[in-house]
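# Results of the structural survey
Read off the chains here:
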Amino acid sequence: GAVVSQHPSWVICKSGTSVKIECRSLDFQATTMFWYRQFPKQSLMLMATSNEGSKATYEQGVEKDKFLINHASLTLSTLTVTSAHPEDSSFYICSAHRRQDAYSNQPQHFGDGTRLSIL
Amino acid sequence: AQSVAQPEDQVNVAEGNPLTVKCTYSVSGNPYLFWYVQYPNRGLQFLLKYITGDNLVKGSYGFEAEFNKSQTSFHLKKPSALVSDSALYFCAVRDAGNYQLIWGAGTKLIIKP
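Here's what I pulled together on the structure shown here. Along each chain, the written sequence defines residue order, and numbers are assigned to residues from 1. Whichever chain is written first is A, and whichever ligand is written first is 1; the rest continue in order. Restriction of local features to residues with pLDDT of at least 70 applies here, the model being predicted, together with a cutoff of 80 or more for giving and counting side-chain atom pairs; totals for whole chains, interfaces and linings are based on all residues. Based on all heavy atoms of the structure, the side-chain values leave hydrogens and waters out of the count.

### Looking at the overall build of chain B
Each helix is a run of H or I in the DSSP string that is no shorter than four residues. Each strand is a run of E no shorter than two, and both are numbered from the N terminus. Of the regular secondary structure elements, chain B holds 0 helices and 12 strands. Start at the N end of chain B and walk to the C end: the helices and strands fall as β-β-β-β-β-β-β-β-β-β-β-β. Values of the radius of gyration come from C-alpha atoms, whereas the globule rule sets the reference at 2.2 Å times the count of residues to the power 0.38. Against the compact-globule benchmark of 13 Å for 113 residues, chain B has a radius of gyration of 13 Å, which places it among compact chains. With respect to the three principal axes, the spread of C-alpha positions in chain B is 45 × 30 × 20 Å. Exposure classes here rest on a 1.4 Å probe applied to the protein chains alone. A residue is buried below 20% of its type maximum, exposed above 50%, and partly exposed in between. Within chain B, the fraction of its 113 residues that count as buried is 43%.

Rendered as structure tokens:
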């Protein structure tokens, strides 16, 4: 149980394009989802925390207008990279907390990530 | 401020030998510690956690970790390494104020046949 699906797994697009990445919890309700960015050979950088039905909380230095996050249901959060440029190329990973695990010490459940390449 | 340190960028171990991946932490209050593994082009998989109780925690795939409060360490161990254990390993500590995770830089584990 506790499967998180992330789509697409790989996307290549031209500079200026907006790209939407989906994160779905397949067999549980996720009140909270996290969006991370990972550069090659580096650790995860938390971009934002997405709470169902409310605005996402962005980490310092992350542009809200650049990285639009929507968490419209308990099983789906989306990250849209607007007007993407080559410097936005990265590996984006989402994770989710089950409703009953919120505020507890249960592990987050991760998607398989999305490799974004902007030409 | 809470932090996690993984002092080794890479660890090389021969197959069949024991392995250790080091992690030290700095927290205010009780530490909630986690180990995750990442295979190439994949998300992270949870291995094990320490919340309270026994200092030796057993997790997935034969891994275990030892919590040492005096040394503020939470090293990941496995008695006999497999080639398939080769991956990137992350140590993390939960932020005391919320349920976000503070991540170490990661350690690349290479198991040679």
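### Let's talk about the pairing of strand 10 (residues 87-94) of chain B
Residues and elements named next belong to chain B. Burial within strand 10 is extensive, with 7 of its 8 residues counted as buried. At least two bridges found by DSSP between two strands are what make those strands a pair. Direction of pairing for strand 5 (residues 33-38) relative to strand 10: antiparallel, over a ladder of 6 bridges. By the bridge assignment, L33 is partnered in strand 10 with V93. Of the strand pairs in this sheet, strand 10 and strand 12 (residues 107-112) are connected by 3 bridges, and their pairing is antiparallel. Among the inter-strand pairings, A87 is bridged to a residue of strand 12, identified as L109. As defined by bridge partners, strand 10 adjoins strand 11 (residues 101-103) across 3 bridges and the pair is classed as antiparallel. Bridging from a neighbouring strand, A92 pairs with W103 of strand 11.

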